[in-house]
Structures are given as C-alpha cells and as structure tokens.
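# Survey of secondary and tertiary structure
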Amino acid sequence: MARRVDPGQIDLFADAADQPAPVAVSAERGRPSGYGGTPDLTVIVLDQILDGLIGQLDPSGRVVVLGGDGHCRHADDDVTDVVESLLTQRYAAQGEFTTQLHGAIRRNVYQVKLTNAGHRIRTRWFHLRGVR
C-alpha cells in the first residue's frame, strides 16, 4: 500500500479519503413484535381482549371494537393485524357471541378471548411495559 500525502487530509489513514462516507440509516421507531405490530400496541390489544372489547363479525370475520352501549365499529388496521396474528398463533380464540349494532344493522359478534398461552404472554409483556 502506497502512502499518499494530502494537505487537506483529516483522516488518520490516507486510504480512507478514497472511500465514500458512511450513510446514516434512519432508525425506525418500534420494532415489529412478531405478533403483528409494535410491542406497545400488542400489550394494549391483549388488555382490550382481556376486558372483552375486541370481537369478530360473524359472516365476514372482520375485527371490531365493542362499545359498552351495544355498538361496535371496525378496528384500525394495526389492531386488526395484531388480533389476527394472535388468533393465528393460538394466543386468542373466538368465544361466545353477542348481538351488537354495527351501524344500523344488528349483527352477531364473536368476542375474542385469551387462551391459557395468551394469558401467560400478556402477563410477561405487561411486566415489560415499565422497562421501556
């Protein structure tokens, strides 16, 4: 390796001046949790499932959020991803059905409930909430 003398050299080694400067990679806030969303959202969804606030419409299987007044509405896309992932991985299952107003139409809604594995994962993730 030949040594070059450069009057405007800032680096310790002359070869480093020929290499392009490293590009900073933008860090994305919140890693995917493997359960369909960010870890914080997964804990919130697990709590909502435990409280009986998440359900699925009978014919279509769309995820809905149940209101306390007998109404339901479609869940956001990120909440839907988390719930469907929990159902696929058997941390949640369909429970009993209730009748809710979806707009002006009364529909059967299956409440989503946590399985035993879902209760265990909720307990573990709940204790990690204060660490973040």
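Structural data are supplied above this passage.
Below, the structure is looked at part by part. (Residues numbered from 1 in each chain as written. Predicted model: local features only at pLDDT ≥ 70, side-chain atom pairs only at ≥ 80, totals over all residues. Heavy atoms only, no water.)

Core analysis: the largest hydrophobic core is formed by 19 residues, its most contacted members being Val-45, Ile-49, Ile-54, Val-79, Val-83 and Leu-86. At the level of secondary structure, the elements contributing two or more residues to this core comprise helix H1 (39–51), strand E2 (63–66), helix H2 (77–88), strand E5 (105–114) and helix H3 (116–128). If you tally residues by element for this core, the top one is H1, at 5 residues. Dropping the residues within four chain positions of it, Val-45 is found in contact with Val-79, Val-82, Val-83 and Leu-86. The next biggest cluster of nonpolar side chains, apart from the first, holds 5 residues, and it includes Leu-57, Val-64, Leu-66 and Cys-72. (Core = buried A, V, L, I, M, F, W, Y, C linked by side-chain atoms within 4.5 Å. Buried < 20%, exposed > 50% of the residue type's maximum accessible area, 1.4 Å probe, protein only. Helix = DSSP H or I, 4+ residues; strand = E, 2+ residues; numbered from the N terminus. Contact = heavy atoms within 4.5 Å.)

It is worth spelling out the side chain of Gln-56 at this point. The residue Gln-56 is located in strand E1 (residues 54–57) in this model. Side-chain polar atoms of Gln-56 contact the backbone oxygen of Gly-61, separated by 3.3 Å. Those residues in contact with Gln-56, other than ones at most four positions away along the chain, are Gly-61, Arg-62, Val-63, Val-64, Leu-87, Gln-94, Asn-108, Val-109, Tyr-110 and Val-112. (Polar contact = N/O pair within 3.5 Å; in protein donor to acceptor, adjacent residues only side chain to side chain.)

This next bit is on the side chain of Gln-100. For Gln-100, the location among the structural elements is in strand E4 (residues 92–102). Only 3.4 Å separates the side chain of Gln-100 from the side chain of Thr-98, close enough to count as a polar contact. Excluding residues within four positions of it along the chain, Gln-100 makes contact with Leu-66, Gly-67, Gly-70, His-71, Cys-72, Ile-105, Arg-106, Arg-107 and Val-109.

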